[in-house]
Amino acid sequence: MNDLLVIAFSSEQKAEEVRQKLFQMQKEYLIEMGDAVVAVKDAEGHIKLNQLFNTTAIGGVSGMFWGALIGLIFMMPLAGAALGAASGAVSGALTDFGIDDKFMKDIAEAIPPGGAALFVLVRKMTSDKVLEGLKGVGGTVLRTSFEKSMDEAIRATLAAQTSKI
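Note that this is a predicted model, so its numbers are computed, not measured.

**Some words on the overall build of the protein chain**
At step 1: Within the protein chain, the secondary structure is distributed over 6 helices and 5 strands.
At step 2: Reading the protein chain from its N end, one meets helices and strands in the order β-α-β-β-α-α-α-β-α-β-α.
At step 3: A burial count over the protein chain gives 39% of its 165 residues as buried.
At step 4: Counting only contacts in the protein chain whose residues sit at least 6 apart along the sequence, the fraction spanning at least 24 positions is 71%.
At step 5: Approximately 9700 Å² of the protein chain is accessible, and the part contributed by carbon and sulfur atoms is 61%.

This is the structure we're talking about:
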C-alpha cells in the first residue's frame, strides 16, 4: 500500500535537499518511492511542479522513434518521425502518473509565497532508519496518510534537534 507525505519548507532549496536525501536513502534500499515532487510557490502565487519525469519529452522521443520506424515502411522516415514526435509529445503532456497534479497544486496553495512543498509517495520504507536520516531537517507536515503513531513520529523527527559533537 502506498502512503503520501507532504512537507512544507521555507524554500525550494530546502525541499530539494530533503528530496535528494530521500533519493540517497532509496539507493540504500531504505525507502521505495513511487514519486517525489517539489511544488514551488512564487511571489505572485503561481505554483510550479518540479517532477522527476518530463512526460512530454519522453512521449516526444518515443513517438519520434516509432514514427520513424513506421515511416521507414512507407519510405517516409522523416515525415513519420515528425508526426510521431508531435503525437508522442501530445500524449505525454496528457499523461499523469504518480501523485495527481491538481491535488498537488491544491495542497500547495497553503504554502506561503517563496515556499515549497515536498510530495512523497512512499511504497515501502524501513521506518526507523528513514526517520533517523530525516532527523532535524525541519519543515511542517501538511498532510500524511500514515497511521497516527507514524504521523506523530514523522512530525517529531522533522522538528527534532540534531546533536553536533
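Anyway, onward from the coordinates.
**Regarding the nonpolar core**
At step 1: If you look at the biggest cluster of nonpolar residues, it comprises 27 residues, and the most contacted ones within it are Leu22, Met25, Ile31, Met33, Leu118 and Ile154.
At step 2: Those elements that provide at least two residues to this core are strand E1 (3-9), helix H1 (12-27), strand E2 (31-41), strand E4 (116-125), helix H5 (127-133) and helix H6 (148-159).
At step 3: Dropping the residues within four chain positions of it, leucine 118 is found in contact with Leu5, Val6, Ile7, Phe9, Ala15, Val18, Arg19, Leu22, Val37 and Val38.

**Points about unusual backbone geometry**
At step 1: At tyrosine 29, a position not held by glycine, the phi torsion is positive, near 60°.
At step 2: Among the secondary structure elements, tyrosine 29 is positioned in the loop between H1 and E2.
At step 3: When its relative accessible area of 74% is taken as the criterion, tyrosine 29 is described as exposed.

**Concerning the sheet that holds E2**
At step 1: Spatially, 5 strands are ordered E3-E2-E4-E1-E5 in an open sheet, and the strand pairing comes out antiparallel. The sheet is open, and its two borders are formed by strand E3 (47-50) and strand E5 (140-144), each paired with just one other strand. When strand polarity is set aside, the average angle formed by the axes of neighbouring strands in this sheet is 20°.
At step 2: Both E1 and E5 contribute to a ladder of 4 bridges, which runs antiparallel. What sits directly across from isoleucine 7, in E5, is valine 141.
At step 3: Here H1 sits on the sheet in contact with E1, E2, E3 and E4, set at roughly 170° to E2.

**Topic: the pattern of salt bridges**
At step 1: Scanning the model with the defined rule gives 7 salt bridges in all.
At step 2: The salt bridge partner of arginine 123 is glutamate 32, with a shortest N-O separation of 3.7 Å. Here glutamate 32 lies in strand E2 and arginine 123 lies in strand E4, a separation of 91 residues in the sequence.
At step 3: Taking the shortest distance from any N to any O, the salt bridge between lysine 102 and aspartate 106 comes out at 3.1 Å.

What counts as what
- Residues numbered from 1 in each chain as written.
- Predicted model: local features only at pLDDT ≥ 70, side-chain atom pairs only at ≥ 80, totals over all residues.
- Heavy atoms only, no water.
- Helix = DSSP H or I, 4+ residues; strand = E, 2+ residues; numbered from the N terminus.
- Buried < 20%, exposed > 50% of the residue type's maximum accessible area, 1.4 Å probe, protein only.
- Contact = heavy atoms within 4.5 Å.
- Areas by Shrake-Rupley, 256 points an atom, 1.4 Å probe, with all protein chains shown as cover.
- Core = buried A, V, L, I, M, F, W, Y, C linked by side-chain atoms within 4.5 Å.
- Pairing = 2+ DSSP bridges.
- Axes fitted to C-alpha atoms, helices over the stretch in contact; angles between N-to-C directions.
- Salt bridge = Lys/Arg side-chain N within 4 Å of Asp/Glu carboxyl O.

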